[in-house]
Amino acid sequence: MNPINQRRLENFKSNRRGYWSLWFFSFLFIFTLFAEFISNDKPLLIYYDNSVYLPIINTYTETDFEGDFETEADYRDSYIQELINKKGWMLWPMIRYSYKTINYDLPVPAPAPPSLENWLGTDDQGRDVVARLIYGFRISILFALTLTFFSTLVGVVVGAIQGFYGGKIDLVGQRIIEIWSGLPVLYLLIILSSFVQPSFWWLLGIMLLFSWMGLVDVVRAEFLRARNFEYVRAARALGLNNQGIMFKHMLPNAMVATLTFMPFILTGAIGGLTSLDFLGFGMPLGSPSLGELIAQGKANLHAPWLGISAFVVLSLMLTLLVFIGEAVRDAFDPKKA
Amino acid sequence: MNSEALISVKDLRVTFTQGNTAIEAVKGISFDIPNGKTLAIVGESGSGKSVSALSILKLLPYPKATHPSGEILFSGQDLLQLNEKSMRSIRGDKISMIFQEPMTSFNPLHTIEKQVSETLLLHKGLSGKKARERVIELLTLVGIPDPETRLSAYPHELSGGQKQRVMIAMALANEPELLVADEPTTALDVTVQKQVLELLKSLQAKMGMAILLITHDLNIVKQYADEVVVMHHGKVIEQQATEALFKSPKASYTQTLIDADPEGSPAPVASDAQTLLETKDLNIWFPVKKNFFGKTTSYFKAANNISISVKQGETLGIVGESGSGKTTLGLSLVKLLKSHGDIVFKQQKVHTYNQQQFRPLRRQIQIVFQDPYGSLSPRMSIQQIIEEGLIIHEEGNHKERKNVEERELKVIQALKDVDLDPETRHRYPHEFSGGQRQRIAIARALVLQPELIILDEPTSALDRTVQSQVVDLLRNIQQKYKISYLFISHDLAVVKALSHRVLVMKQGEIIEYGDCEQIFDSPEKEYTRSLIDASFYYAAN
């Protein structure tokens, strides 16, 4: 690693809050990546009749366990449990609910308050809140990461082209962006989602239409500045072509600004997805999402565990990301020793 | 210690702390400045001379900077013990400062009058008509022509020399007892440099203030300083009265500073040398104004009707003050700027080529830039910087083992040619000094085995002693590889040491063009003569 990056790493580490936030966030993210193994309505492992079954990976029918139907086994059914336990055993995950598992044995009408069975209670359709939070966290982060990746890609390319060539290209590009950013994003999203059944990728595409613009100005400014650097001029005098100059000499300059900006695009993307879900124009029905949980909290004010849990998870996630973003910004600050 | 001393610095140390590392920038210096006298601190960049001067005004970035020891007695008070508020009443009133860079020391949005009268308002409470009268008086004092009309001028409307004069006027506004001048002339043209120094001298005689002059050029202090402190790496090497110092310097380092002017002359060009580069009626005009239909109506003529030629193995020096168009000319020859007129390189009509057609020729015409700090990408190692050109012009796959090794050998050879240790090729530019970086930039040009190198002020950002080393290096390289140089500089001493022929430019026009010796010995034009006089004025004495 070259000395500049070493110093940046030092700077990043010296911001304790951001450094620990990164560790904590990474832990949460990796933890939720394996959500299926933490919270599921299928056992992790079944030992039945001297053979091993992995229900999370493979699908088994009831008849595999000497049941009656050719449909997939419902391991939460006490009848199936009995059958399996007769000739072996089951290893359950920490939480025996998936995000869509409905608990039919609730002692009170849904939404049920926190209990030993459902740690944070259930939502108004009897689904476990902890399970939905774990899956919802994962989908929010994955969505935000993908969106950030693509909007950075588009933003950097557009900004680079505008900044590098300048002149008419820059002028036209800037005006298009101004008009485009004047469009009322949320209404457009709402209109568009009434045309198509929104899925993960549809939402990503629709939000990408507008989220790429944030970076353009930053990257463009960096390229405009770098255009007159002497080492860029020197590279041109060596005979390097435009693409080479942009990629090798100017992009690293813009990367600092880009990296500093990225955590904030990430939080923006999470906020965007959550608000769409809250309004009911987001992820398809039934998918675990924090926004939907907040909406339930609003609809069920007598069940405060819904709103509070969603709020805590969402604010924790955003706060961690902002702290990380601050540390990244510090790390790239040339004035900071 | 001298009881009449206006200011007396004793065992001053300055340490900069950065994280866990502490850098000792000044390692204990002591000096006195008596009333009305001039003391000069001379040293190369990084010697701690500016830091010493700034600590007098306590303008260092505290608390990053600390003084482990030392005291600065100014009329009985230890400045280092004073708090910020009392310091403020001293700054600009009793002690004033002139900075190196007149271009950036002004606020571009305020008029001259406002900026000069600000210090009057702060310390004297003057405003309105009285302040205006005083500003006019000050501007007259520093020799600004027609001061009444200049009051409403903005900094960009003044020339570099005029700006430095206004800076001096600001510093003198409250008749300070001590004036700290930190490289007051480094950013100025030679002819202006002399005027500014003379102005300071005459003002000192008039107002009787003491001056602390900070500079890297030992020779200019000869005329102006009563005592000289020579600094090197934060330590005082020598401290003597000026006359004694020049007559019999005690330290050998001082001697190298005195002898730092580049000397010698280039080896003669072979008589059968072919013409390598030729231009005919080259015009470089930048559009300034466009009319309603988008047609350009007026131009800024950066270079006008330039016809030059360079032979193989020959150096053509291009000389002029800032704004004369010499750099513009250099850049347009390698098609980094648009120009009109004929450029012929090795019988090829380069001016008809577009960028793509010209690209293969770039290997043969290389350019070395002025600023060795800016021209090397901070994110690439020396090896990567030097081999970049090779990769661009290489046939075939540049990741192939054979090519990688071949390139490495070429880089090593180029580093040897510029007298750098080839083992340093895996380091990054920031680990090198200015002179070493300029060598790296020359190696980058050299590794392509060009036939012509355009050197755009390659020595002006360097210390005087390093300059002559680079000049020697360039001369040796020319002899070894028979490369032609186009040497652009405002420094006539360097040009004289390196050029066979010289082109003198002023405001985009050729003033004089001919044999180097002839021009230096018997210049035909008045402008050339004044340039030569100003350049060699200090060295000659």
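Given the structure is predicted, the values throughout are model-derived calculations rather than measurements. (Residues numbered from 1 in each chain as written. Chains lettered and ligands numbered in written order. Predicted model: local features only at pLDDT ≥ 70, side-chain atom pairs only at ≥ 80, totals over all residues. Heavy atoms only, no water.)

K.L.:
Explain the overall build of chain B here, please?
P.N.:
Of the regular secondary structure elements, chain B holds 19 helices and 22 strands. In terms of C-alpha radius of gyration, chain B reaches 26 Å, essentially the compact-globule figure of 24 Å for 541 residues. Seen along its three principal axes, the alpha-carbon backbone of chain B occupies a region of about 75 × 60 × 45 Å. Residue pairs at least 24 apart in sequence account for 69% of intrachain contacts in chain B once pairs closer than 6 positions are excluded. As displayed, chain B offers around 24300 Å² of accessible surface, 48% of which is attributable to carbon and sulfur atoms. Within chain B, one finds 62 positive and 65 negative side-chain charges whose respective centroids are separated by 5 Å. (Helix = DSSP H or I, 4+ residues; strand = E, 2+ residues; numbered from the N terminus. Rg over C-alpha atoms; globule rule 2.2 N^0.38 Å. Contact = heavy atoms within 4.5 Å. Areas by Shrake-Rupley, 256 points an atom, 1.4 Å probe, with all protein chains shown as cover. Lys, Arg positive; Asp, Glu negative; His and termini not counted. Charge placed at Lys NZ, Arg CZ, Asp CG, Glu CD.)

K.L.:
Can you help me understand the overall build of chain A in this one?
P.N.:
The number of helices and strands found in chain A is 13 helices and three strands. Relative to the compact-globule value of 20 Å for 337 residues, chain A shows a C-alpha radius of gyration of 25 Å, a clear excess of over 25%. For the C-alpha atoms alone, the extent of chain A along its principal axes is close to 80 × 45 × 40 Å. The burial tally for chain A puts 47% of its 337 residues in the buried class. Residue pairs in contact within chain A that sit at least 24 positions apart in sequence constitute 67% of those at least 6 positions apart. (Buried < 20%, exposed > 50% of the residue type's maximum accessible area, 1.4 Å probe, protein only.)

K.L.:
Whenever I open this one, the pattern of salt bridges confuses me. Can you help?
P.N.:
Side chains carrying opposite charge are able to pair once their charged atoms draw close together. Residues and elements named next belong to chain A. Within the structure shown, the criterion is met by 31 salt bridges over all chains. The closest approach of N and O atoms between K42 and E72, which form a salt bridge, is 3.5 Å. A residue pair is termed long-range when its members are at least 10 positions apart, and K42 in the loop between α3 (35-38) and β1 (45-48) and E72 in the loop between β2 (51-53) and α4 (78-87) qualify at 30 residues. With a relative accessible area of 24%, K42 lands in the partly exposed category. Overlapping salt bridges bring together D123, R127, R132 and E292 as one network. (Salt bridge = Lys/Arg side-chain N within 4 Å of Asp/Glu carboxyl O.)

K.L.:
I keep staring at the packing of aromatic side chains and nothing clicks. Help me out?
P.N.:
Two descriptors summarise a pair of aromatic rings, namely the distance from one centre to the other and the angle between the planes of the rings. All names here are of chain A. Inspection of the entire model under this criterion finds 21 aromatic pairs over all chains. Ring geometry for F25 and F29: centres 6.5 Å apart, planes at 10°, overall stacked. With F25 and F29 both in helix α2 (residues 16-33) and four residues apart, the pair spans about one turn of that helix. When its relative accessible area of 17% is taken as the criterion, F29 is described as buried. When the ring of F65 is compared with that of Y75, the centres are 6.1 Å apart and the planes differ by 70°; the resulting orientation is edge-to-face. Residue F65 is located in the loop between β2 and α4, and its partner Y75 is located in the loop between β2 and α4; the two are separated by 10 residues in the primary sequence. (Phe/Tyr/Trp six-rings, centres within 6.5 Å; stacked < 30°, edge-to-face > 60°.)

K.L.:
Which parts of the structure should I look at to understand the interface of chain B and chain A?
P.N.:
It is common to report an interface's size as the accessible area lost on association of the parts. In this complex, chain B contributes 28 residues to the contact, which on the side of chain A involves 22 residues. Both faces considered, chain B and chain A share a buried interface measuring about 2200 Å² in area, 62% of it formed by carbon and sulfur atoms. Broken down residue by residue, the surface that chain B buries against chain A is led by F369, R379 and E388 of chain B, which jointly contribute 27%. Applying the counting rule to chain B against chain A returns one salt bridge. (Buried area = accessible area lost by both parts, 1.4 Å probe.)

K.L.:
What is the right way to look at helix α1 (residues 49-56) of chain B in this model?
P.N.:
Residues lying three or four places apart along an α-helix face the same way, a consequence of the helix completing one turn every 3.6 residues. All names here are of chain B. Where burial is concerned, most of α1 is hidden: seven out of the eight residues are buried. Every buried residue belonging to α1 is among K49, V51, S52, A53, L54, S55 and I56, and all of these are buried. Taken from the residues just after α1, K58 is the one with a positive phi, measuring 50°.

K.L.:
What is the right way to look at a nonpolar patch on the surface in this model?
P.N.:
Residue and element names in this part refer to chain A. Taken together, F24, F27, F31, M94, W119, L120 and L316 make up a surface patch of nonpolar side chains, about 660 Å² in accessible area. Residue contributions to the nonpolar patch peak at three residues, all from α2. With respect to the element layout, W119 can be found in the loop between β3 (88-91) and α5 (129-165). (Patch = residues over 30% accessible without salt bridge, like charges linked within 9 Å, V, L, I, M, F, W, Y side chains within 5 Å.)

K.L.:
Explanation requested: the sheet that holds β1 of chain A in the structure shown.
P.N.:
Each strand in a sheet pairs with another by means of backbone hydrogen bonds, the pair being arranged parallel or else antiparallel. Residue and element names in this part refer to chain A. If you trace the three strands from one edge of the open sheet to the other, you get β2-β1-β3, paired in antiparallel fashion. If you trace the sheet from one side to the other, it starts and ends with β2 and β3, each paired once. If you compare each strand with its neighbour and ignore which way they point, the axes differ by 15° on average. Relative to β3, β1 runs antiparallel, the two sharing four bridges. Residue pairing across strands places Y48 opposite G88, the latter belonging to β3. Against the sheet, α4 contacts β1 and β3, and its axis sits at roughly 120° relative to β3. (Pairing = 2+ DSSP bridges. Axes fitted to C-alpha atoms, helices over the stretch in contact; angles between N-to-C directions.)

K.L.:
Any chance you could explain helix α4 (residues 128-141) of chain B here in plain terms?
P.N.:
All names here are of chain B. Under the 1.5 Å per step criterion, the end-to-end length of α4 is 20 Å for 14 residues, consistent within 8% with the ideal 20 Å. Taken residue by residue, α4 has A131, R134, V135, I136, L138 and L139 as its buried positions. Immediately downstream of α4, the backbone of G143 shows phi near 80°, a positive value. (Expected span 1.5 Å × (residues − 1).)

K.L.:
Where do I start with the pairing of strand β22 (residues 509-515) of chain B in this structure?
P.N.:
The side chains of a regular strand alternate between both faces of the sheet. Residues and elements named next belong to chain B. Here strand β21 (residues 501-506) runs beside β22; their pairing, made up of six bridges, is antiparallel. Bridged to L503 within β22 is Y513. Turn length for the β21-β22 hairpin, with the two strands adjacent in sequence and antiparallel, is two residues, and the turn residue Q507 shows positive phi of about 45°.

K.L.:
Even after reading the chapter, I still don't get the side chain of N403 of chain B, so can you show me in this structure?
P.N.:
Its place among the elements puts N403 of chain B in helix α14 (residues 401-417). Residue contacts for N403 of chain B: discarding those within four places in its chain leaves E394, E395, N397 and H398 of chain B.

K.L.:
Any chance you could explain the side chain of S96 of chain B here in plain terms?
P.N.:
Residue and element names in this part refer to chain B. Counting through the fold element by element, S96 comes out in strand β7 (residues 95-98). Looking at S96, the relative accessible area reads 3%, which means it is buried. Polar contacts involving the side chain of S96 include one to the main-chain carbonyl oxygen of A171, which spans 2.6 Å. Leaving out residues up to four positions away in the same chain, S96 has contacts with A171, P176, L178, L179 and V180. (Polar contact = N/O pair within 3.5 Å; in protein donor to acceptor, adjacent residues only side chain to side chain.)

K.L.:
Sorry, what's going on with the confidence of the model for chain B here?
P.N.:
A residue-level look at chain B finds 99% of positions with pLDDT of 70 or above and a mean pLDDT of 85. Predicted complex metrics record ipTM = 0.73 and pTM = 0.76. (pLDDT = per-residue confidence, 0-100.)

K.L.:
Help me understand the pairing of strand β12 (residues 275-290) of chain B, please; the structure alone is not making it clear to me.
P.N.:
Residues and elements named next belong to chain B. Pairing of β12 with strand β14 (residues 309-311) involves three bridges; the strand directions are antiparallel. Note on β14: the bridge partner recorded for L277 is V310. As judged from the seven bridges shared by β12 and strand β13 (residues 296-306), these two strands associate in the antiparallel manner. Paired with I284 across the strands is A303, a residue of β13. Here β12 hands over to β13 after five residues, with G294 in that stretch at a positive phi of 80°.

K.L.:
Is there a simple way to explain the nonpolar core in this structure?
P.N.:
Looking at soluble globular proteins, one finds that nonpolar side chains tend to be buried together. Residue and element names in this part refer to chain B. Counting 50 residues, the largest nonpolar core has I386, V418, I442, I453, L474, I477 and V502 as the members making the most contacts within it. Not counting chain neighbours up to four residues away, the residues in contact with V418 comprise R439, I442, A443, L446, L473 and I477. Membership of the second largest hydrophobic core comes to 49 residues, among which are M170, L197, L213 and Y253. (Core = buried A, V, L, I, M, F, W, Y, C linked by side-chain atoms within 4.5 Å.)

K.L.:
I would appreciate a short explanation of the sheet that holds strand β3 (residues 38-42) of chain B in the present structure.
P.N.:
Residue and element names in this part refer to chain B. Taken in spatial order, the six strands of this open sheet run β7-β8-β9-β3-β10-β11, and their pairing is mixed. Sheet topology places β7 and β11 (235-241) at the edges, where each strand pairs with a single neighbour. Across the sheet, the mean angle from the axis of one strand to that of its neighbour is 15°, orientation sign disregarded. In this structure, β3 lies alongside strand β10 (residues 227-232), joined through four bridges in parallel fashion. Its bridge partner being in β10, I41 is matched across the sheet by V229. Of the strands in this sheet, β7 and β8 (178-182) are in contact with helix α6 (residues 160-172), which crosses β7 at around 170°.

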